[in-house]
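Survey of secondary and tertiary structure
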Amino acid sequence: MPGLTIHHSNQAEQLVKALAVELTSSQRDPLTPVTIVVQSRGMERWLCQELARLMGVFGNARFPFPNAMLGEIFSALREETPQNEVFDPDLLTFRIMKTLPSCLEEEAFAPLDEYLGEQSDDLRLFQLSSKIAGVYDQLATYRPELVKSWNRGETGSSWHGRLWRQVLSDEERLSHRNEQFQRCLEKLQDWQGPLNGLPQRLFLFGIPTMPELHMRILAALSKTIDVQLFLLNPCQEFWHDIASDKAQQKLARKDTALRQIAPADRHFERGHPLLAAQGTLLQEFLGLLDEYEPERRELFSEPVGDSLLAALQRQILHLEDPATTVKKLLVADDRSIQLHSCHSEMREVEVLRDNLLRCLENDPSLTPRDILVMAPDVESYAPYVTAVFGSEADERLKLPFSIADRAQQNESPLVSTFVRFLDLRGKRMTASEVLELLEEPAVQECFGLGLDDLDLIRHWVVQTRIRWGIDAADRQRHQLPAQANNTWQAGFDRLFLGFAMPTGGKELFDGILPFDEIEGSSTEILGRFHHFCSQLFATIDAFNQKRTLTEWSEFLSETLTTFLGNGDHEALVSLRRQLQRLVGIGSHSDFDRPIDFAVVRGLLGEGLGSATGSGFLRGKITFCSLLPMRSIPFKVIALLGMNDSAFPRRSKTVGFDPMANEPRKGDPSRRQEDRYLFMEAVLSARDTLLISYLGQSLRDNQTTPPSVVVTELLDTLELGFEQADSKGRNLRDQLLT
C-alpha cells in the first residue's frame, strides 16, 4: 500500500527484525528482487547475515546506494538523460580545465587569474578545476535555487554562474539533476498507475540524514509506492528542539534580546547533554522528516544490564538530564566503558590487544566476530595492527583480524608497486628505490629474474658503490655537478667492463675499475638486470613528455604490461580499468589538449587511494575507519586515535564556496558527521566500549587532551554517575587509565 513509513528504534537489531517481518508478511513475486537502499557495503553485509538468520534463508535482494536509486527513479519517470555523465566530477573537472583559461580576461575572474598566475602549470589548473567541480556538485544538491538561477541566465557579478554557463550547453544544463528533480516532482504529483522499473516496496535502512531534495522525491514517490525508512533514533522522546550549552551560548550571542535574559530564565530544552552536543545531524533530519507527516512506528527497546554503558544508553533513550537527577551508583569493578591515554599508536594497539584478551577471557560467549575496532584513519594504524596482532607466536593468544577500508595501493602489492613506479618521476633514483621495485615477484617474472638473483644484484650494487642518479646528466638535472660517480651508469660500466676484461681489481681502463666477479650464469642475470634498469629509466624519462588523456592511457597500459605482466589478476584488471577510464574522460569532456604527467598522476591517485570496501564482517575482529553508516551493533567496540587534533575531522572548504560563506541548516558538515559517528559508536556497543588516544608526548611526556567528543562523554558521565566505593576519586580518574 502506498505511503511513507518511518520505523524508529534505538537498536539496529529491532529495526532489522521489523524489516524481516515486512519481507515475510508481503506477498511478492519470488523472482522479483527486494530493494533495500543502504549507504555502506558494511551495512549491506550485516543486513544479509541478520536477515538470513531471522528468516532462515534470504536472497534475491539488491542494495543500491541513494544516488543510484535516484537514477532508477528518474529512469522510471522517463527522465533518461545520457548527458548526465557530463556532471561526473572528473568529467566536469576537465571541461572546466578546457574552458577556464579563455575566461580569465574577464574582470569577474580576476581572483582565479591571480591564483593561476602568468606561469600557470597544468597541475595547478587541474587542482583548481577539481575544487570548482566539487563546489558545483555540492551546490547542485544543497543550493538548487542558485543553480536554477544560473540556468535562467541570472549569473550576477560572481564568476560561478558565468563559468557554469560557459562550461555547459543549454541542453546539458536542462539535463542537470536539478532540472530532473523538478520535472520528476511534477510528474509524480499526477502519476497514475505503477512505475515500470521500480519495486512496489522500497526500503531504506540505517541512513541518518539525506539532502532535502532527495527526501522530497521519496515523499512524492510514496504516493505511488510503499516507502519505508528504518531509522536509528537514540531517544524515544521528542528531542528535536533540545540545545547544548554551547548552542545556547551561540544563540545568545546572535540575539541581543536573548542575551539580556538570565540563562536560567531562557527556558531552553537541554535534555541529555551528550545527545544535545553530538546529535545535531540526526536532529535536523528528524525535523525534516516531520514536515512530510509520515506514519511513525516506534520499536524502542530498553538497554539490558546495569553497567555504566547500559545506564548511559538508558539516559539517552529517556532524555534524562543528569544535571537534574540524582547520581546513580555503580559497582566498583564496572569496566563497560574504558578510556586509555597512551604515548604512541603502537602502545594504543598493544593496550587494545590486552583488553580484548581480557574481554574474551571474561565472556566465553564473546567471539572475534563480535568485536569492531574503528579509527579516524585506519591506514595509519594498519602497520601497528599487523605488527601486534599478526606476530603472536602463541596460538592460544592469537586473535584473527581483518582490516577494512584500505586503499587499493596499500592493500594490493601489485597496485602498490605500480604506484611506486609512477612516483619515481623527479626522484633521485636511489639504489633502494630501484631495487624495491624488483622485490615484487611479478616484476621479477617479467624480466626473467628470481628471488635468489635479487641477492646477487644487491651484492653488485653495494660493491660497485651505486648510490643514486641515472648518469651525470641526471645529476645535473638535480642542480648538482655533472659527475657520474656512484650513478647507475658508473656501476654498469664497472660490471660490464669486469665481464669483458677482468683485471683482478688492480688496473683501471679509461678511468674505470672493472668489477671482476661477473662470470658464468651471472652474466645472464646482469643482462636481465640491465634490461630492467634501461626500461625503467627510459620510461621515467618519457613521463616528462606531454600527452593527451588517450595517449597517457595507452602509454601507461603498455608500461603496466611491461613491468607487471598481462595476467588476469584482480589488481591488474582494476588498474587497466582505471587507465582505460582516462580515455572515457577525455572523449566525454572533449578535452584533447596534451597535459603534464602530474595531472594524470593526480587523477589516478584519487582512484588508487580510494577504499576497496573489503575486509568487513569476515568472522574476525574487524578494523575499519570511522565512516558514516557504521551503526552496526557489536558486543565490543573500540575507538583508536581519539586525539584532539584528529577527531572530529575538520571540513576542508575553499574560499570561493558560496555554501561555506553562507551556511544553512542541513548543509554537510564533516565535523557534525564525526560527532554523530562517535555517539553512534556509544549506542552500538552492547557490552564494552574501549576508547584510546595519544595523551602523553613520547618526547617529553607532556600531557595532551583527548578529542572534544571524549571530553563531552566524560563530563556527561561525571554529571550522572558515581561509584559506591570511589575512595575519594572522581569518576574520570577511575575510567581513565
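In this report, we go over the structure that sits alongside the text. Just so we're clear, the structure is a prediction, and the values are computed from it rather than from any experiment. (Residues numbered from 1 in each chain as written. Predicted model: local features only at pLDDT ≥ 70, side-chain atom pairs only at ≥ 80, totals over all residues. Heavy atoms only, no water.)

**Observations regarding the packing of helix α6 (residues 122-142) against helix α7 (residues 144-151)**
Running from N to C, α6 and α7 cross one another at 105 degrees; their axes reach a closest spacing of 5 Å. Classified by the angle their axes make, α6 and α7 are roughly perpendicular. On α7, the residues touching Tyr 136, Leu 139, Ala 140, Thr 141 and Tyr 142 of α6 are Pro 144, Leu 146, Val 147 and Trp 150. A per-class count over the contact of α6 with α7 returns eight nonpolar, one polar and no charged. (Axes fitted to C-alpha atoms, helices over the stretch in contact; angles between N-to-C directions. Helix = DSSP H or I, 4+ residues; strand = E, 2+ residues; numbered from the N terminus. Parallel < 35°, antiparallel > 145°, perpendicular 65-115°, else oblique. Contact = heavy atoms within 4.5 Å. Nonpolar A, V, L, I, M, F, W, Y, C, P; charged D, E, K, R; others polar.)

**What to know about the pattern of salt bridges**
Enumeration according to the criterion identifies 33 salt bridges in this entry. The residue Arg 297 makes a salt bridge to Glu 22 at a minimum N-O spacing of 2.8 Å. Taken together, the residues Arg 297 in strand β6 (residues 295-298) and Glu 22 in helix α1 (residues 12-25) connect sequence positions 275 residues apart. Looking at Arg 297, the relative accessible area reads 28%, which means it is partly exposed. Judged by relative accessible area, Glu 22 falls into the buried class, the value being 11%. Here Arg 477 makes a salt bridge to Asp 474, at a shortest N to O gap of 3.4 Å. Taken as a pair, Arg 477 and Asp 474 lie in helix α24 (residues 472-477) at a separation of three residues, close to a single helical turn. (Salt bridge = Lys/Arg side-chain N within 4 Å of Asp/Glu carboxyl O. Buried < 20%, exposed > 50% of the residue type's maximum accessible area, 1.4 Å probe, protein only.)

**As for the sheet that holds strand β11 (residues 621-625)**
One open sheet accounts for six strands, arranged β8-β13-β12-β9-β11-β10; its pairing is parallel. Here the strands that pair on one side only, and so sit at the sheet edges, are β8 (337-342) and β10 (401-403). Looking at each pair of strands side by side, their axes are set apart by 15 degrees on average, direction ignored. Sheet analysis places strand β12 (residues 634-639) next to strand β13 (residues 685-694), joined by five bridges and oriented parallel. Directly across from Leu 639, in β13, lies its bridge partner Ile 691. (Pairing = 2+ DSSP bridges.)

**Side note on the pairing of β13**
The element β13 is extensively covered by neighbouring structure, given that seven of its ten residues are classed as buried. Judged from the six bridges that link them, β8 and β13 form a sheet pairing that is parallel. Counted as the bridge partner of Leu 339 is Ile 691 from β13.

**Comments concerning the state of the cysteines**
This structure, assessed with the given rule, holds zero disulfides. Looking at Cys 446, it has no disulfide partner, and the nearest cysteine sulfur is the one in Cys 533, 15 Å off. (Disulfide = S-S within 2.5 Å.)

**A few points about the sheet that holds strand β5 (residues 226-232)**
One open sheet holds the six strands; their spatial order is β3-β2-β4-β5-β1-β6, and the pairing between them is parallel. The sheet is open, and its two borders are formed by β3 (61-62) and β6, each paired with just one other strand. As defined by bridge partners, strand β1 (residues 3-9) adjoins β6 across four bridges and the pair is classed as parallel. Note that in β6 the partner of His 8 across the bridge is Glu 298.

**With respect to the packing of aromatic side chains**
The final tally for this structure, using the stated rule, is 28 aromatic pairs. Each ring, one from Tyr 136 and one from Trp 164, has its centre 5.1 Å from the other, and the planes form 75 degrees; the classification is edge-to-face. Of this pair, Tyr 136 sits in helix α6 while Trp 164 sits in helix α8 (residues 159-167), and the two are 28 residues apart along the sequence. Across the pair, exposure class does not vary: Tyr 136 and Trp 164 are buried alike. For the pair Phe 401 and Phe 623, a centre-to-centre distance of 6.1 Å together with 85 degrees between the ring planes defines the contact as edge-to-face. Pair noted here: Phe 401 is in strand β10 and Phe 623 is in strand β11, with a separation of 222 residues, a long-range link. Both residues of the pair, Phe 401 and Phe 623, belong to the buried class. Feature note: the residues Phe 421, Phe 447, Phe 532, Phe 543, Trp 552, Phe 555, Phe 563 and Phe 597 constitute an aromatic cluster, connected by ring pairs. (Phe/Tyr/Trp six-rings, centres within 6.5 Å; stacked < 30°, edge-to-face > 60°.)

**Section: the side chain of Ser 341**
You can see Ser 341 is positioned in strand β8. Given a relative accessible area of 15%, Ser 341 falls into the buried group. Within the local environment of Ser 341, its side chain forms a polar contact with the side chain of Gln 696, the two groups lying 2.8 Å apart. Ignoring anything within four residues of it in the chain, the contact list for Ser 341 reads Tyr 693, Gly 695, Gln 696, Leu 736 and Thr 737. (Polar contact = N/O pair within 3.5 Å; in protein donor to acceptor, adjacent residues only side chain to side chain.)

Structural measurements only, silent on function.
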